[in-house]
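Each chain, letter by letter, is given below.
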Amino acid sequence: MQLFETIDTMRDKSRAWRRKNKRFGFVPTMGALHEGHLSLVRAAKAQCDVVAASIFVNPTQFGPNEDFSKYPRTFERDCELLENEGVSMLFAPTVEEMYPPRAVTYVTVEGMSEKLCGNSRPGHFRGVTTVVSKLFNIVEPDVAFFGQKDAAQVAIIRRMVRDLNIPVEIVACPIVRETDGLAMSSRNAYLDPQQRKAALVLSRSLKEAQVLYQQGVRDAQPLIDHSKEMFAQQPSARLDYFEIIHPATLEPVEKIISPSLVAVAAYLGTTRLIDNIVLG
Ligand code: PAF
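A.B. asks: Is there a simple way to think about the site of the ligand in this case?
C.D. replies: Taken together, Pro28, Thr29, Met30, Asn58, Gln61, Val128, Val131, Val132, Phe146, Asp150 and Gln153 make up the full set of residues adjacent to the ligand. Between the ligand and glutamine 153 there is a distance of 2.8 Å, counted from an oxygen atom to a side-chain nitrogen or oxygen. Burial of the ligand by the protein amounts to 88% of the accessible area it has alone, namely 290 Å². Counting residues per element, the shell around the ligand draws most heavily on helix H6 (residues 124–139), which supplies 3 residues. When the residues that make up the shell around the ligand are grouped by side-chain class, the tally is 6 nonpolar, 4 polar and 1 charged.

A.B. asks: Looking at this structure, I do not really get helix H2 (residues 35–47). What am I missing?
C.D. replies: Count 3.6 residues to each turn of an α-helix, and residues three or four apart come out pointing the same way. Between its first and last C-alpha atoms H2 spans 18 Å; for 13 residues at 1.5 Å apiece the expected length is 18 Å, and the two agree. Contacts made by the buried residues of H2 are with strand E2 (24–29), strand E3 (50–55), helix H3 (75–84), strand E5 (143–147) and strand E6 (169–173).

A.B. asks: Quick question: what am I supposed to make of the packing of aromatic side chains here?
C.D. replies: Any aromatic ring pair is given by two values, namely how distant the centres are and how the planes are angled relative to each other. Per the counting criterion, the structure on display carries 5 aromatic pairs. Geometrically, the ring pair formed by phenylalanine 26 and phenylalanine 136 is edge-to-face, given 6.5 Å between the ring centres and 70° between the ring planes. A residue pair is termed long-range when its members are at least 10 positions apart, and phenylalanine 26 in strand E2 and phenylalanine 136 in helix H6 qualify at 110 residues. Take phenylalanine 26 and phenylalanine 136: they sit in the same class, and that class is buried.

A.B. asks: What exactly am I supposed to notice about the side chain of serine 113 here?
C.D. replies: Mapped onto the elements of the fold, serine 113 is located in the loop between helix H4 (95–98) and helix H5 (117–120). Relative accessible area serves as the criterion here: at 8%, serine 113 is assigned to the buried category. Those residues within four positions of serine 113 in sequence are excluded, and the remaining contacts are Thr108, Gly118, Phe125 and Ile156.

Definitions and cut-offs
- Residues numbered from 1 in each chain as written.
- Predicted model: local features only at pLDDT ≥ 70, side-chain atom pairs only at ≥ 80, totals over all residues.
- Heavy atoms only, no water.
- Near = heavy atom within 4 Å.
- Polar contact = N/O pair within 3.5 Å; in protein donor to acceptor, adjacent residues only side chain to side chain.
- Areas by Shrake-Rupley, 256 points an atom, 1.4 Å probe, with all protein chains shown as cover.
- Helix = DSSP H or I, 4+ residues; strand = E, 2+ residues; numbered from the N terminus.
- Nonpolar A, V, L, I, M, F, W, Y, C, P; charged D, E, K, R; others polar.
- Expected span 1.5 Å × (residues − 1).
- Contact = heavy atoms within 4.5 Å.
- Phe/Tyr/Trp six-rings, centres within 6.5 Å; stacked < 30°, edge-to-face > 60°.
- Buried < 20%, exposed > 50% of the residue type's maximum accessible area, 1.4 Å probe, protein only.

Keep in mind these values describe shape, not function.
If you want it as structure tokens, here you go:
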């Protein structure tokens with residue numbers, strides 16, 4: 001695996017691959033890799049001739065009181081994992097390389113960036129869409145792979161790519177879970193044993209929504225109310241949102257008559273976790 005720390009060297013190399021007419025896959029990450037990330041790399045390997053990944057903890061998607069400085073950084077181990085999965089190129093720039101001094105240009109998907117996590121983390125999705133569009137401009141992949149765990153991120157990136165005519169296909173890969181159901185996340189590392197146990201309320205609330213749906217409940221509100229009751233009984237977890245929305249527009253749905261995204265976010269102490277399923 002070749003490591004590139006500058007935009008010019010990364011771009012030269014990816015263009016050289018593209019000239020060979022290879023289908024070029026890209027897996028953007030913030031490092032602290034787990035099986036969820038590796039499933040993206042495996043999907044990329046299966047669908048593409050050559051795969052690049054990036055590791056960049058992007059400051060613009062963290063709020064002033066969020067965990068940018070303490071976000072887990074495990075670079076050596078991440079490199080080993082990516083190399084073992086057959087990644088050919090790794091782009092790992094510094095913040096200074098990615099953001100020139102006095103950079104003031106951002107990409108915002110208006111009307112969507114403020115929804116779900118964007119509501120509780122103002123500016124988060126603006127940071128994501130800005131860095132992803134920069135990464136796409138640098139790496140110029142044919143296809144990019146994202147985890148369905150960040151379903152709102154996927155919907156917003158798809159919309160950005162459509163609206164800005166960015167020639168990158170977006171593939172969303174299924175959520176990878178621990179054996180007890182907790183969705184894998186780099187932030188799970190922050191949880192103490194009690195919080196780790198309490199965190200299961202996220203996946204359980206989605207499972208119960210699924211059971212109610214299978215029993216014939218189609219109205220969104222009773223599913224939302226049921227999940228709120230579950231969180232009320234688990235005081236170690238503070239519910240941020242439990243919403244039922246259209247998977248592409250992120251607009252709330254009142255009745256599940258077509259595939260609908262059920263998305264949940266909750267705090268365990270200061271750690272914020274998310275999860276979702278699609279019903280219908
Ligand atoms: O999902 C992530 O890890 C990040 O939001 C991404 C897409 C790499 C952008 O920084």
